[in-house]
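# An overview of the molecular structure
For reference, the chains in residue letters:
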Amino acid sequence: MRTGIIDSPINDLWHVVHDSGELAAAVQNYVISGLNGDDDEEYELISRVVNNYDGVAGYKLFFNSDQGSNYGYQEIEGSNTTAQAVQGTHTGVYLLYSAAALGAISMDRANIQAKSGKVRTVLNQTLQSVVTTTVNAIERWAQSWNNTADNITSMTIASTQAGGIGIGSRFILLRKVHGTGGMRTGLLTPNSIKGTWQRVVDYTVAGAAITSYQIPNVAGNTYPIYRVRIRGVDKDTVGAWLLRLNNDSGATKYGYQSLSGENSTVAAGRGTNSGLILGYTGTNTNLTLGEMLLYLKSGFPRTAIHTLSYDVTGTLVSGVILYGGVYNDTTNEITTIDIVPTADKFDIGTHIEVDRLIL
Amino acid sequence: MKTGKLYPLVSPVFDTWQKLYETTLVAAATSHTISGLDGDTDETWLLDMRIVQGYNGSTYFGLRPNNDSGANYGYQRLRGGSTTIAAVRGTLSSLLLSSNGGALGAVVHIQCVIHAKSGFVRTAVSIDGGPAVTTTVDYASLIGLSWNNSADNITSLVVLATEAEGLGIGSRISLYKKIRSS
């Protein structure tokens, strides 16, 4: 059955259940209601906050109305050259944080196990407080809500400061669509499915190594959320596998904060580069596996959260890195995304997948 | 076109990700097998798990493609526990998804991206958190993984615990694959 654009959930696909759009006015709290966590079981929350407070502002997520000390956390963090771990309890799930700067951008990606019956858990990664090309910190969290009984019917993102969630902030909540209910259909061939991930690139290098790859048909102001995944095969020592927006190769246009583990060494680092770092290989034929979530809409610096493993060969995984990245251009719509090697080429077998969220 | 929830009996013809497999364990198990897979066609999988510990004590949870139990897996882990952050590298007899010293009933949350297609060493990146008991979360990790087999199509994945019945009742395993418009 051919259809036009389907704007309803489809079984076994993830679907956007709430999109705040970019907020037109600052608020202290943002509420997402009408949820059914026991039915949905899992959520993914993508958050991008603009700090509207001229100072430090924290942002937490709480379920239903629970602001008690019923949340636990374990965090690892890289800030400049400091790597650290912290554990404790809180009055909400730690979501975002802004160091003292009006207009600083933070971004978070959270997977929430929502079904009652067990302690609820959250895995999230936070890009903390970006100003131009400086990323204050990158964080990986594992968190819990010590309530096994109640169905989750609402989520609230709350700032520690009045009006702290500024104009341009955005919250997108996806849910897992599943179960046996719904209108049964035969084969569907939709033109598009609103509210779901659409894969726009599924490309494998074949025939000969390549010197770059351009993701086609990018419209960053129409589709602001992209997810890029790469399994890279090194040809003659690539170094960093860079992702460039609008073909901008300016050496100081992209900032990053990293947290890495290599063998028994933990390190954190901050700096600028001529692209966002999607992967890394330092030896011919080695592999890298990277995944990046991007917020592309103009109006603010463009931000990214990424993870990667690098220099994989046989049973050797040389390292893992958690990155927070920024592209310091607020004006231009993103219309091209290029993946380029720092040196040499992407070898045959390099595989690139790109999804965009249809909002 | 707005409708109610749609339940197509076959996969839509669309380029997206669809749940391929999901189960919630009704009995504790030492391992759970997802069979009937085709890694060479699917190429990439996304694995989501909420494990309830069925063993009271140190357990590690792993994943074996094609039930390969040889020492053919590498890992690099970056992990924080309390105020300690540490990195470690090694080899194991499965893809390491989580290791900890949790209690019976503790919850471990895992997400893993797996590049499954043969032709190269198979790679994966996993994040995990837990075990979580009330408001105590023991660890948060980022793990890079490899399976040193470039030849075989992956036709099954075995989720395993190193302790008997370590996958407790209520553990949920979900696997997503790409579906295509052509």
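It is worth spelling out the overall build of chain A at this point. If you tally the helices and strands in chain A, you get one helix and 28 strands. Relative to the 2.2 N^0.38 estimate, which gives 21 Å for 359 residues, the radius of gyration of chain A is 20 Å and therefore close to what a compact globule would have. Counting only C-alpha atoms and orienting by the principal axes, one finds that chain A spans roughly 55 × 55 × 45 Å. At a minimum sequence separation of 6, the contacts of chain A that also span at least 24 residues come to 77%.

Moving on, we come to the overall build of chain B. Regarding its fold elements, chain B presents one helix and 14 strands. For a compact globule of 182 residues, the expected C-alpha radius of gyration is about 16 Å, and chain B comes in at 17 Å, within 12% of that figure. Taken along its principal axes, the extent of the C-alpha atoms in chain B is 50 × 40 × 30 Å. Residues classed as buried in chain B amount to 60% of the 182 residues present. Here the contacts in chain B between residues at least 6 apart in sequence split such that 75% fall between residues at least 24 apart. Here chain B has roughly 5900 Å² of accessible surface; of this, 49% comes from carbon and sulfur atoms.

For the rest of this paragraph, the subject is the nonpolar core. One finds Leu174(A), Ile225(A) and Leu259(A) to be the most contacted residues of the largest nonpolar core, which totals 42 residues. The contact partners of Leu174(A), leaving out residues within four places of it in the chain, are Trp14(A), His15(A), Val16(A), Val17(A), Glu42(A), Tyr43(A), Glu44(A), Ile46(A), Gly195(A), Trp197(A) and Leu357(A).

Here we take up the sheet that holds strand β8 (residues 93–98) of chain A. Two orientations exist for strands paired in a sheet by backbone hydrogen bonds: parallel and antiparallel. Residue and element names in this part refer to chain A. With antiparallel pairing, four strands are arranged side by side in an open sheet as β3-β12-β5-β8. Because the sheet does not close on itself, it has two edges, and the strands there are β3 (29–32) and β8. Ignoring strand direction, the axes of neighbouring strands in this sheet form an average angle of 15°. Summarising the sheet, β3 and strand β12 (residues 155–159) pair through four bridges and their orientation is antiparallel. The residue of β12 that forms the bridge with Tyr-30 is Ile-157.

All chains considered together, the criterion is met by 14 aromatic pairs over all chains. Measuring from ring centre to ring centre gives 6.3 Å for Trp14(A) and Tyr176(B), while their planes differ by 50°; the resulting arrangement is tilted. On the criterion of chain membership, the pair formed by Trp14(A) in strand β2 (residues 14–19) and Tyr176(B) in strand β14 (residues 172–179) is interchain, its members lying in two chains. According to the relative accessible area criterion, Trp14(A) is buried, its value standing at 10%. On the basis of an interplanar angle of 85° and a centroid distance of 4.9 Å, the ring pair of Tyr73(A) and Tyr94(A) is categorised as edge-to-face. Placement of Tyr73(A) in strand β6 (residues 71–79) and of Tyr94(A) in strand β8 is noted, with a sequence separation of 21 residues between them. On the basis of relative accessibility, which here comes to 11%, the residue Tyr73(A) falls in the buried class. Owing to a relative accessible area of 25%, Tyr94(A) belongs among the partly exposed residues under this scheme. These aromatic residues form a ring-pair network of at least three members: Phe63(A), Tyr71(A) and Trp145(A). Lying over the aromatic face of Trp17(B), Arg199(A) brings its terminal NZ or CZ to 5.9 Å of the ring centre. Residue placement shows Arg356(A) over the ring face of Tyr223(A); its charged tip is 3.8 Å from the ring centre.

Let us now look at the interface of chain B and chain A. If you look at the interface, chain B gives 84 residues, while chain A gives 101 residues. Here chain B meets chain A over a buried area of about 7300 Å², counting both sides, of which 60% is carbon and sulfur. Looking only at chain B, the three residues that lose the most surface to chain A are Lys5(B), Tyr7(B) and Phe14(B), adding up to 11% of its buried area. Where chain B meets chain A, there are seven salt bridges. A salt bridge links Glu41(A) to Arg172(B), with the shortest nitrogen-to-oxygen separation between them at 3.6 Å. For the pair chain B and chain A, the interface holds 32 residue pairs in polar contact (both at pLDDT 80 or more). Relative to strand β1 (residues 6–8) of chain B, strand β14 (residues 183–185) of chain A runs parallel, the two sharing three bridges.

Take the sheet that holds strand β13 (residues 157–161) of chain B next. All names here are of chain B. Pairing is antiparallel across the open sheet formed by four strands, whose spatial order is β3-β13-β5-β8. Edge positions in the sheet fall to β3 (31–34) and β8 (95–100), since each of these pairs with one other strand and no more. On average, each strand axis in the sheet is inclined to that of its neighbour by 10°, with strand direction left out of account. Relative to β8, strand β5 (residues 59–65) runs antiparallel, the two sharing five bridges. Opposite Tyr-60, over in β8, you have Ser-99 as the bridge partner.

Here Thr121(A) is to be found in strand β10 (residues 120–131). Once you skip the residues sitting within four places of it in the chain, Thr121(A) turns out to touch Asn111(A), Ile112(A), Gln113(A), Gln143(A), Ser144(A), Val107(B), His109(B) and Ala132(B).

What follows covers the pairing of strand β6 (residues 73–81) of chain B. Walk down a regular strand and you will see the side chains alternate between the two sheet faces. Residue and element names in this part refer to chain B. Judged by how many residues are buried, β6 sits mostly within the fold: nine of nine residues are covered. Alternating positions in β6 separate into two faces, Tyr-73, Tyr-75, Arg-77, Arg-79 and Gly-81 on one and Gly-74, Gln-76, Leu-78 and Gly-80 on the other, with burial throughout. Note: β6 against strand β7 (residues 84–92), nine bridges, orientation antiparallel. Across the sheet, residue Gln-76 finds its bridge partner in β7, namely Arg-89. Counting the residues that bridge the hairpin from β6 to β7 gives two residues, and of these Ser-82 lies at a positive phi of roughly 55°. Where β6 and strand β12 (residues 139–147) come together, nine bridges link them in antiparallel fashion. Counterpart to Arg-77 in the pairing with β12 is Ile-143.

Calculation rules
- Residues numbered from 1 in each chain as written.
- Chains lettered and ligands numbered in written order.
- Predicted model: local features only at pLDDT ≥ 70, side-chain atom pairs only at ≥ 80, totals over all residues.
- Heavy atoms only, no water.
- Helix = DSSP H or I, 4+ residues; strand = E, 2+ residues; numbered from the N terminus.
- Rg over C-alpha atoms; globule rule 2.2 N^0.38 Å.
- Contact = heavy atoms within 4.5 Å.
- Buried < 20%, exposed > 50% of the residue type's maximum accessible area, 1.4 Å probe, protein only.
- Areas by Shrake-Rupley, 256 points an atom, 1.4 Å probe, with all protein chains shown as cover.
- Core = buried A, V, L, I, M, F, W, Y, C linked by side-chain atoms within 4.5 Å.
- Pairing = 2+ DSSP bridges.
- Axes fitted to C-alpha atoms, helices over the stretch in contact; angles between N-to-C directions.
- Phe/Tyr/Trp six-rings, centres within 6.5 Å; stacked < 30°, edge-to-face > 60°.
- Lys NZ or Arg CZ within 6 Å of the ring centre and 35° of its normal.
- Buried area = accessible area lost by both parts, 1.4 Å probe.
- Salt bridge = Lys/Arg side-chain N within 4 Å of Asp/Glu carboxyl O.
- Polar contact = N/O pair within 3.5 Å; in protein donor to acceptor, adjacent residues only side chain to side chain.

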